[in-house]
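The chain contents come next:
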Amino acid sequence: MIPYGKQQINQDDIDAVVEVLRSDFLTQGPKVPAFEQAIMDYTGAQYAVAVNSATSALHVAALALGVTAGDYVWTTPITFVASANCALYCGAKVDFVDVDATTGNMCPSALQAKLETAKAQGCLPKVVIPVHLCGHSCDMAAIAALASEYGFYVIEDASHGIGGIHQGNKLGSCRYSDISVFSFHPVKIITSAEGGVATTNNADLAAQMELYRSHGITKESHKMRRPDEGDWYYEQHALGFNYRMNEMQAALGLSQMKRLDYFVLKRNKLAELYRKKLNHLPFSWVDPLCDSQSARHLEIIRLDDISIRKQLFNEMRTVGIQVHVHYFPVHLQPYYLNKGFRAGQFPVAEDFYRRILSLPLHPELTAEQQATIVETLVTFF
Ligand SMILES: *Cc1c(COP(=O)(O)O)cnc(C)c1O
């Protein structure tokens, strides 16, 4: 089976993890801060808070921004469910913004129209979570302009995006947002097995996210609200969680960071070759905006003819090519239908979903495997 996504692990990665296993700290040691520093250096963000998944990062990000019962959080239907679930964890309500038909990313004009309506009804969102599908940046300048006009916070779900550049800034720089989130799940650009990070340029938000990732507990004496009783003393200031990243995860992530630019380059080269070989076929590519370079997490094609998607999917799977579909619209998930969402509500997203297929794209994909994929597609059409 040729997987749609896969991690690359080399001897340096293995050595880094083994070194941790032989060290004094399996958790709460020096590797997590070192990984956070590497993320700050790479993205240019001033703060980075590492956690055990992007899902946790989205949760602590929403909590740090004060999302609570009665608030609205908006995201895109074309994403993994975690982008929406983080709002529900905080007791807030979720709503969705329709996407652009060509990029599958949150559409700024659909956002503006929805904001106008919400303003009239007095239910503007507290937070909007654009998702950089495939690692292709959303139109962040347009979203940031709306954020200042209508007064909402922005969390970038950049789970697909580490290594990408938008208008000269690395994704995760938070140039146009309050907080950005990366995932290090093995199918993403770099991996820490499980893991995620939230970046920000706001010291208070970073401190809040650090608090929520570890039980709401602080050990910093200048923050104590009662007299410090000694070296054993700590205080709980909020209801937090155990969302900590461990030292083995951080060591693996740190080791992978050294190959991040290579991974992105390799993915871009594979994407270029797909385009060169398949441009004559009856589908379109999901491409990055012209002011962006993508980390290329996914290679999504949009079929001209919706009716062949299932057959193409089955035929590719039958010959061992693990094509995929990213994503089934979140508002159509049974859990969200139970909350009152319905088919037809986000028509562009629903049409996008029906015509897409993700082709395998990862740094371990060989020239031979890619040639097989190309040949299978050419034969099919
Ligand atoms: C993978 C992913 C997540 C969740 O990441 P985890 O690290 O697995 O929690 C969230 N949002 C998007 C868009 C993703 O692709």
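Quick notes on the rules
Residues numbered from 1 in each chain as written. Predicted model: local features only at pLDDT ≥ 70, side-chain atom pairs only at ≥ 80, totals over all residues. Heavy atoms only, no water. Pairing = 2+ DSSP bridges. Helix = DSSP H or I, 4+ residues; strand = E, 2+ residues; numbered from the N terminus. Axes fitted to C-alpha atoms, helices over the stretch in contact; angles between N-to-C directions. Contact = heavy atoms within 4.5 Å. Near = heavy atom within 4 Å. Polar contact = N/O pair within 3.5 Å; in protein donor to acceptor, adjacent residues only side chain to side chain. Areas by Shrake-Rupley, 256 points an atom, 1.4 Å probe, with all protein chains shown as cover. 1 Å grid on protein atoms, 1.4 Å probe; cavity = no way out; pocket = protein on both sides within 12 Å on 5 of 7 lines; lining within 4 Å. Sits in = over half its atoms within 2 Å of the grid points. Salt bridge = Lys/Arg side-chain N within 4 Å of Asp/Glu carboxyl O. Buried < 20%, exposed > 50% of the residue type's maximum accessible area, 1.4 Å probe, protein only. Core = buried A, V, L, I, M, F, W, Y, C linked by side-chain atoms within 4.5 Å. Domains from an automatic or database assignment. Buried area = accessible area lost by both parts, 1.4 Å probe. Nonpolar A, V, L, I, M, F, W, Y, C, P; charged D, E, K, R; others polar.

S.K.: It is not clear to me how the sheet that holds strand β5 (residues 153–157) should be interpreted in this structure. Could you clarify?
M.R.: What links the strands of a sheet is backbone hydrogen bonding, and the strands pair in either a parallel or an antiparallel sense. In spatial order, the strands read β1-β9-β8-β5-β4-β2-β3; together these seven strands make up an open sheet with mixed pairing. Unpaired on one side and paired on the other, β1 (47–51) and β3 (93–96) mark the two borders of the sheet. Sheet twist, expressed as the mean angle between neighbouring strand axes with direction ignored, is 20°. The sheet contacts of helix α3 (residues 54–64) involve β1, β4 (127–129), β5, β8 (179–183) and β9 (196–200), and relative to β8 the element is tilted by about 165°. Seen against the sheet, helix α5 (residues 108–121) touches β2 (72–75), β3 and β4 and runs at an angle of roughly 160° to β2.

S.K.: Would you explain the site of the ligand in this entry?
M.R.: Taken together, 15 residues sit near the ligand, with Thr55, Asp157, His160, Ser183 and Lys188 positioned nearest. Take threonine 55: an N or O atom from its side chain is 2.5 Å from an oxygen atom of the ligand. Within the contact set of the ligand, an oxygen atom lies 2.8 Å away from a side-chain nitrogen or oxygen of serine 183. Expressed as a share of its isolated accessible area of 390 Å², the protein-covered part of the ligand is 93%. When each cavity is represented as a set of grid points, the ligand is found to reside in the second largest pocket. Secondary structure elements with two or more residues in the shell around the ligand: α3 and α4 (82–89).

S.K.: What should I look at first to understand the pattern of salt bridges in this one?
M.R.: In a structure, side chains of opposite charge can pair up when their charged atoms sit close to one another. With the rule as written, the count across this model stands at ten salt bridges. Between lysine 223 and glutamate 220 there is a salt bridge; the shortest N-O distance is 3.4 Å. According to the relative accessible area criterion, glutamate 220 is partly exposed, its value standing at 35%. The shortest N-O distance in the salt bridge between arginine 275 and aspartate 287 comes to 2.8 Å.

S.K.: Would you mind going over the nonpolar core with me for this structure?
M.R.: Nonpolar side chains in soluble globular proteins generally cluster together in the buried interior. Counting residues in hydrophobic clusters, the biggest one holds 75 residues, and the most contacted among them are Ile155, Ile179 and Tyr274. Among the elements that make up this core, the one with the highest residue count is α3 (eight residues). Taken domain by domain, this core gets at least three of its residues from each of domain 1 (11–257) and domain 2 (260–380). Look past the residues within four positions of tyrosine 274 in its chain and what remains in contact with it is Asn279, Trp285, Glu299, Leu359, Pro360, Leu361, Leu365, Gln370, Ile373 and Val374.

S.K.: Would you take a moment to explain helix α7 (residues 203–213) for this structure?
M.R.: Quick reminder: α-helices carry 3.6 residues per turn. Residues three or four places apart thus point the same way. What α7 keeps buried is the set Leu205, Ala206, Met209, Leu211, Tyr212 and Arg213. Lining the buried residues of α7 we find α2 (31–43), β1, α3, β8, β9 and β10 (217–218). Where α7 terminates, the next one or two residues include histidine 215, which has phi positive at roughly 70°.

S.K.: What am I meant to see in unusual backbone geometry here?
M.R.: The phi torsion of most residues other than glycine is negative, and most of the peptide bonds are trans. For the peptide bond that leads from histidine 326 to tyrosine 327, omega is 5°, which places it in the cis range. Position of tyrosine 327 among the secondary structure elements: in the loop between α10 (309–318) and α11 (334–337). Of note in the backbone geometry, alanine 193 takes a positive phi value of approximately 75° without being a glycine. Note that alanine 193 resides in the loop between β8 and β9.

S.K.: Explain the domain arrangement of the protein to me, please; I cannot follow it from the model alone.
M.R.: The extent of an interface is frequently quoted as the accessible surface area lost upon association of the parts. Annotation of the protein at the domain level lists domain 1 (11–257) and domain 2 (260–380). The interface is formed by 42 residues belonging to domain 1 together with 37 residues belonging to domain 2. In this assembly, domain 1 packs against domain 2 so that about 3300 Å² is buried in total across both faces, 65% of it on carbon and sulfur atoms. For the domain 1 face of the interface with domain 2, the top three residues by lost area are Phe96, His136 and Ile189, together amounting to 19%. Our count for the contact surface shared by domain 1 and domain 2 stands at zero salt bridges. Here domain 1 is connected to domain 2 by 19 residue pairs in polar contact (both at pLDDT 80 or more). Every element with two or more residues in the side of domain 1 that touches domain 2 is listed here: α4, β3, β6 (165–166) and α8 (247–257). Among the residues making up the side of domain 1 that touches domain 2, the classes are represented as 21 nonpolar, 15 polar and six charged.

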